[in-house]
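What follows is each chain in one-letter form.
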Amino acid sequence: MAKDKKLGIGIDFGTTNLLVYVQGHGIIFDEPSVVAFDIETGDVIAGGTDAFNMIGKTHSKIRVSKPLRDGVISDMDAAQALLKYVFKRVQTLRSLKNSLCLICCPSEVTQIEREALKELALQMGITDAFIEEEIKSGAIGSGIDIYSPEAAMIIDLGGGTTDVGVLSLGDVVLSKSIRIAGNYIDQEIIKHVHKQHNLVIGPITAEKVKTEISTLIPNDKEKKLLISGRDLVTGLPSAATISSKEIFELLLPIFGEITNVVYTVLEQTPPELASDIVRKGITVEGGGALIPGIKEYFEKALNLKVRTATEALRVVVEGTKVLLKNRGSYLVNPQD
Ligand SMILES: Nc1ncnc2c1ncn2[C@@H]1O[C@H](COP(=O)(O)OP(=O)(O)OP(=O)(O)O)[C@@H](O)[C@H]1O
Ligand SMILES: [Mg+2]
């Protein structure tokens, strides 16, 4: 590796998923943003998928935490512990000496929190660290040339927040973030099942319902899913069948609210940039972009061209490859 070049490490620190890219190795971590601690010693017992599998099943000596909630850091200790956990994973592949780390986090994460994450990276032995908006990295990762003077509009439907942004000449011109995203939909599914099926279900079951049978296609072929939980009346374990039609009805008002936010951003967009958006259309990314019919839904609601990113869950980490290279990190292999 050239002496003046640094090893690039790109991180998408999302509310639901944490992804890590290391130059020369590709994406080495793509797991839930969850960490588990031993309460007595404070040690990290598990991170990512292993910690996720402990949710709701722990005893009094284990604490499982999701560091981010609604796009903000709600547990700084857990955020730092999880970052440390992934840096240790990187260290099993490469030394952190002479490295450059980019951490992408949701727009609502405060400056103080960003500094704390950066500081932690430096403490772990990273030579240089910087923070970027996830929407900027996501736009690049979805294949948009954000450095061109032509504006682009992105809708990132994540777990904690939906971010709507307009980018031009390499940066975010304006953006808006709302806490109506994947986790909110899960909560609405929990409420719906409670009310309509007299069944208490947990967030993991609700997420399963969303990822397996949600649809935004009117009159879509009906899918059904058997779900289990606790009967509201008897208090005993019970099951119910939920249909995609119910989820479609539930999603409509939620997406109505998201559409209103997109309208607000469009209204605030300077006219020259707005005309680029009319010509080029909008890109939808993040896990929510996987909901069937989302492209057609937004096309109809906004009367604009829409495309969904091909690797909707990986666009942010993909974008870090370009951002790191622009900062002078060493590109070991352009295919990585
Ligand atoms: N097939 C699917 N259909 C609907 N939603 C999905 C699908 N797959 C994943 N999701 C949802 O996408 C969300 C995760 O997306 P993503 O990884 O982009 O979020 P994040 O980056 O962790 O969150 P944020 O950007 O808000 O901090 C979760 O709520 C997840 O349930
Ligand atoms: Mg995200």
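Residues numbered from 1 in each chain as written. Chains lettered and ligands numbered in written order. Predicted model: local features only at pLDDT ≥ 70, side-chain atom pairs only at ≥ 80, totals over all residues. Heavy atoms only, no water.

### What to know about the packing of aromatic side chains
What the rule picks out here adds up to 4 aromatic pairs. Relative to Tyr297, the ring of Phe255 has its centre 5.7 Å away and its plane inclined at 75°; by these criteria the two rings are edge-to-face. On the criterion of sequence distance, the pair formed by Phe255 in helix H7 (residues 244-268) and Tyr297 in helix H9 (residues 294-302) is long-range, its members being 42 residues apart. For the pair Phe255 and Tyr297, a shared accessibility class is recorded, and that class is buried. Cluster of aromatic residues (ring-pair linked, three or more members): Phe255, Tyr297 and Phe298. Just above the ring of Phe130 sits the side chain of Arg327; from NZ or CZ to the centre is 3.8 Å. (Phe/Tyr/Trp six-rings, centres within 6.5 Å; stacked < 30°, edge-to-face > 60°. Helix = DSSP H or I, 4+ residues; strand = E, 2+ residues; numbered from the N terminus. Buried < 20%, exposed > 50% of the residue type's maximum accessible area, 1.4 Å probe, protein only. Lys NZ or Arg CZ within 6 Å of the ring centre and 35° of its normal.)

### So, the layout of surface pockets
When its volume is computed, the second largest pocket comes out at roughly 220 Å³. Ranked by the residues each element gives to the lining of the second largest pocket, the list is headed by helix H2 (residues 76-91), at 7 residues. (1 Å grid on protein atoms, 1.4 Å probe; cavity = no way out; pocket = protein on both sides within 12 Å on 5 of 7 lines; lining within 4 Å. Points joined across faces, edges and corners; volume = space filled by probe spheres on them.)

### Considerations on unusual backbone geometry
Not every positive phi belongs to a glycine, and Asn198 is a case in point at roughly 50°. Within the fold, Asn198 resides in the loop between helix H5 (182-197) and strand S14 (199-200). Its relative accessible area of 36% is what places Asn198 among the partly exposed residues. The backbone of Asn303 shows a phi angle near 55°, a positive value even though the residue is not glycine. With respect to the helices and strands, Asn303 occurs in the loop between H9 and strand S18 (306-308). On the basis of relative accessibility, which here comes to 69%, the residue Asn303 falls in the exposed class.

### A few points about the site of ligand 1
Neighbouring ligand 1 are 20 residues; Thr15, Thr16, Asn17, Glu207 and Lys210 lie closest to it. In this structure, an oxygen atom belonging to ligand 1 sits 2.8 Å away from a main-chain N or O atom of Asn17. In the model, an oxygen atom of ligand 1 is placed 3.0 Å from a nitrogen or oxygen of the Glu134 side chain. Coverage of ligand 1 by the protein amounts to 91% of the 660 Å² it exposes when considered alone. Among the elements that take part in the shell around ligand 1, helix H6 (residues 203-213) stands out by supplying 3 residues, more than any other. Looking at the shell around ligand 1, its residues break down into 4 nonpolar, 13 polar and 3 charged. Inspection of the shell around ligand 1 shows a minimum of three residues originating in each of domain 1 (6-137 + 315-330) and domain 2 (144-308). (Near = heavy atom within 4 Å. Polar contact = N/O pair within 3.5 Å; in protein donor to acceptor, adjacent residues only side chain to side chain. Areas by Shrake-Rupley, 256 points an atom, 1.4 Å probe, with all protein chains shown as cover. Nonpolar A, V, L, I, M, F, W, Y, C, P; charged D, E, K, R; others polar. Domains from an automatic or database assignment.)

### So, helix H3 (residues 111-123)
End to end, H3 covers 18 Å across 13 residues, agreeing with the expected 18 Å (1.5 Å per residue, within 8%). Of all the positions in H3, only Glu113, Arg114, Leu117, Leu120 and Ala121 are classed as buried. The buried residues of H3 occupy an angular sector of 125° when projected down its axis, which confines them to one face. Counted as exposed and oriented over 90 degrees from the buried face of H3: Gln111, Ile112 and Gln123. If you follow the buried residues of H3, they end up packed against strand S1 (6-13), strand S8 (72-73), H2, strand S9 (99-105) and strand S10 (128-133). Following H3 by one or two positions, Gly125 has its phi on the positive side, about 105°. (Expected span 1.5 Å × (residues − 1). Arc of directions from axis to C-beta. Contact = heavy atoms within 4.5 Å.)

### Section: the environment of Thr259
When you line up the elements, Thr259 lands in helix H7. What makes Thr259 buried here is its relative accessible area of 6%. Measuring from C-alpha to C-alpha, the distance between Thr259 and Phe298 comes to 7.6 Å, with 39 residues separating the pair along the chain. Setting aside its immediate chain neighbours within four residues, Thr259 contacts Tyr297, Phe298, Ala301 and Leu302. Within polar-contact distance, the side chain of Thr259 engages the side chain of Tyr297 at 3.4 Å.

### Let's talk about the nonpolar core
Nonpolar side chains tend to gather and get buried jointly when the protein is soluble and globular. Residues Ile189, Phe255, Ile282 and Phe298 are the most contacted members of the largest nonpolar core, which totals 45 residues. It is H7 that provides the largest number of residues to this core, a total of 9 residues. Aside from chain neighbours lying at most four places away, what touches Ile282 is Met153, Ile155, Val262, Ile277, Leu302, Leu304, Lys305, Val306 and Arg307. In terms of nonpolar packing, the next biggest core, distinct from the first, is built from 32 residues, Phe37, Ala81, Leu96 and Leu120 among them. (Core = buried A, V, L, I, M, F, W, Y, C linked by side-chain atoms within 4.5 Å.)

Distances and angles like these do not, on their own, reveal function.
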